[in-house]
Amino acid sequence: GGIITQTPKFLIGQEGQKLTLKCQQNFNHDTMYWYRQDSGKGLRLIYYSITENDLQKGDLSEGYDASREKKSSFSLTVTSAQKNEMAVFLCASSNPDSGNTLYFGEGSRLIVV
Amino acid sequence: QQQVRQSSQSLTVWEGETAILNCSYENSAFDYFPWYQQFPGEGPALLIAIRSVSDKKEDGRFTIFFNKREKNLSLHIKDSQPGDSATYFCAASPSNYNVLYFGSGTKLTVEP
């Protein structure tokens, strides 16, 4: 088995600040994702990456940057934190060999003060 | 525009009843329909999935009924247990495509 590790679990920042979330996976999966979870709105895709150094925009990419430095890690940056984007950010990974099942981390909660 | 819709934000059933969670979708190209289960403080995890060539998929107490013509599906949880209390997400994707589109989730509470 493998695991997805997201750090930090809670990220507290000020309005306008640039904030970064990190994700590591040891499944050796090719594809990694960042989703945002808001209460009552489900999961919305921010960015995904199908291989190292690849980046694909999701429906919610505006206001975010992402970086796939190596196969096992995928980071997400909030370029200018706003109070209306306090949410839980979920990282996931998948592989065709596993039927494209998404394996999620436990999430990182963004708090903007 | 939300591509996958879940009609109920919350559902409460008694222990032993069958819980029915509904989902509909817009895109005819969607081919793969997983349901994910999420407990508080955890990430979602795959529960059961169906492909559009089938109209039913069963795994223990969990069954998906799929209607391609009507573009809807439902998850039936037979003999519901308090441990089934969680949020359930319906999702969909076209074949050979990496991205899943999720519904807004249904929070199921099973009362003892």
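Residues numbered from 1 in each chain as written. Chains lettered and ligands numbered in written order. Predicted model: local features only at pLDDT ≥ 70, side-chain atom pairs only at ≥ 80, totals over all residues. Heavy atoms only, no water.

Structural notes on the overall build of chain B
Inference 1: On a plain count of helices and strands, chain B comes out with zero helices and 11 strands.
Inference 2: Taken from N to C terminus, the helices and strands of chain B fall in the order β-β-β-β-β-β-β-β-β-β-β.
Inference 3: Relative to the 2.2 N^0.38 estimate, which gives 13 Å for 112 residues, the radius of gyration of chain B is 13 Å and therefore close to what a compact globule would have.
Inference 4: Principal-axis analysis of the C-alpha atoms gives chain B an extent of 40 × 30 × 20 Å.
Inference 5: Put simply, chain B has 112 residues, and 46% of those count as buried. (Helix = DSSP H or I, 4+ residues; strand = E, 2+ residues; numbered from the N terminus. Rg over C-alpha atoms; globule rule 2.2 N^0.38 Å. Buried < 20%, exposed > 50% of the residue type's maximum accessible area, 1.4 Å probe, protein only.)

Re the packing of aromatic side chains
Inference 1: As enumerated under the stated definition, the model contains 15 aromatic pairs over all chains in all.
Inference 2: A ring pair is formed by A:Y35 and B:F102, whose centres lie 5.3 Å apart and whose planes are at 85°; its orientation type is edge-to-face. Placement of the pair is A:Y35 in strand β4 (residues 31-38) and B:F102 in strand β10 (residues 101-102), with the two residues belonging to separate chains.
Inference 3: Pairing B:Y25 with B:F33 gives two aromatic rings, centres 4.8 Å apart and planes at 45°, and the pair type is tilted. (Phe/Tyr/Trp six-rings, centres within 6.5 Å; stacked < 30°, edge-to-face > 60°.)

Points about the state of the cysteines
Inference 1: Under the criterion given, the structure shown has two disulfides over all chains.
Inference 2: With a sulfur-sulfur separation of 1.9 Å, A:C23 is cross-linked through a disulfide to A:C91. Between A:C23 and A:C91, the disulfide has an S-S torsion of -80° and is therefore left-handed. Here A:C91 lies in strand β9 (residues 88-94) and A:C23 lies in strand β3 (residues 19-25), a separation of 68 residues in the sequence. The same class applies to A:C23 as to A:C91, namely buried.
Inference 3: A disulfide bridge connects B:C23 with B:C90, and the sulfur atoms are separated by 2.0 Å. With the S-S dihedral at roughly -75°, the linkage between B:C23 and B:C90 falls on the left-handed side. (Disulfide = S-S within 2.5 Å.)

Points about the environment of B:I48
Residues and elements named next belong to chain B.
Inference 1: Examined against the element boundaries, I48 turns out to sit in strand β5 (residues 45-51).
Inference 2: It is 14 Å that separates the C-alpha atoms of I48 and K78, two residues lying 30 residues apart in sequence.
Inference 3: When neighbours within four sequence positions are excluded, I48 is seen to be in contact with F33, P34, W35, K57, E58, D59, F62, T63, I64 and L75. (Contact = heavy atoms within 4.5 Å.)

Concerning the sheet that holds strand β8 (residues 73-78) of chain A
All names here are of chain A.
Inference 1: Ordered by their spatial adjacency, four strands build an open sheet running β1-β3-β8-β7, and the pairing between neighbours is antiparallel. What marks the edges here is a single partner per strand, and that holds for β1 (4-7) and β7 (64-70). Between one strand axis and the next, the sheet turns through 20° on average, direction left out of account. (Pairing = 2+ DSSP bridges. Axes fitted to C-alpha atoms, helices over the stretch in contact; angles between N-to-C directions.)

Focus: the interface of chain B and chain A
Inference 1: Contact residues are listed per partner, giving 19 residues for chain B and 21 residues for chain A.
Inference 2: The contact between chain B and chain A buries some 1500 Å² in all, and 52% of this surface belongs to carbon and sulfur atoms.
Inference 3: Per-residue buried area on chain B facing chain A is highest for B:P44, B:N98 and B:F102; these three make up 33% of the total on that side.
Inference 4: Here chain B and chain A share zero salt bridges between them.
Inference 5: Taken together, the links from chain B to chain A amount to three residue pairs in polar contact (both at pLDDT 80 or more).
Inference 6: Mapped by element, the contributors of at least two residues to the side of chain B that touches chain A are β4 (30-38) and β10 of chain B. (Buried area = accessible area lost by both parts, 1.4 Å probe. Salt bridge = Lys/Arg side-chain N within 4 Å of Asp/Glu carboxyl O. Polar contact = N/O pair within 3.5 Å; in protein donor to acceptor, adjacent residues only side chain to side chain.)

With respect to the sheet that holds strand β3 (residues 19-25) of chain B
Residue and element names in this part refer to chain B.
Inference 1: Sheet architecture is open: five strands sit in the order β1-β3-β8-β7-β6, paired in antiparallel fashion. Only two strands of the sheet have a single partner each, and these edge strands are β1 (4-5) and β6 (56-59).
Inference 2: The pairing of β1 with β3 spans two bridges and is classified as antiparallel. By the bridge assignment, V4 is partnered in β3 with Y25.

Some thoughts on the environment of A:D65
All names here are of chain A.
Inference 1: Tracing the chain through its elements places D65 in strand β7.
Inference 2: The partly exposed category is assigned to D65, whose relative accessible area is 40%.
Inference 3: The contact partners of D65, leaving out residues within four places of it in the chain, are Y47, S75, L76, T77 and T79.

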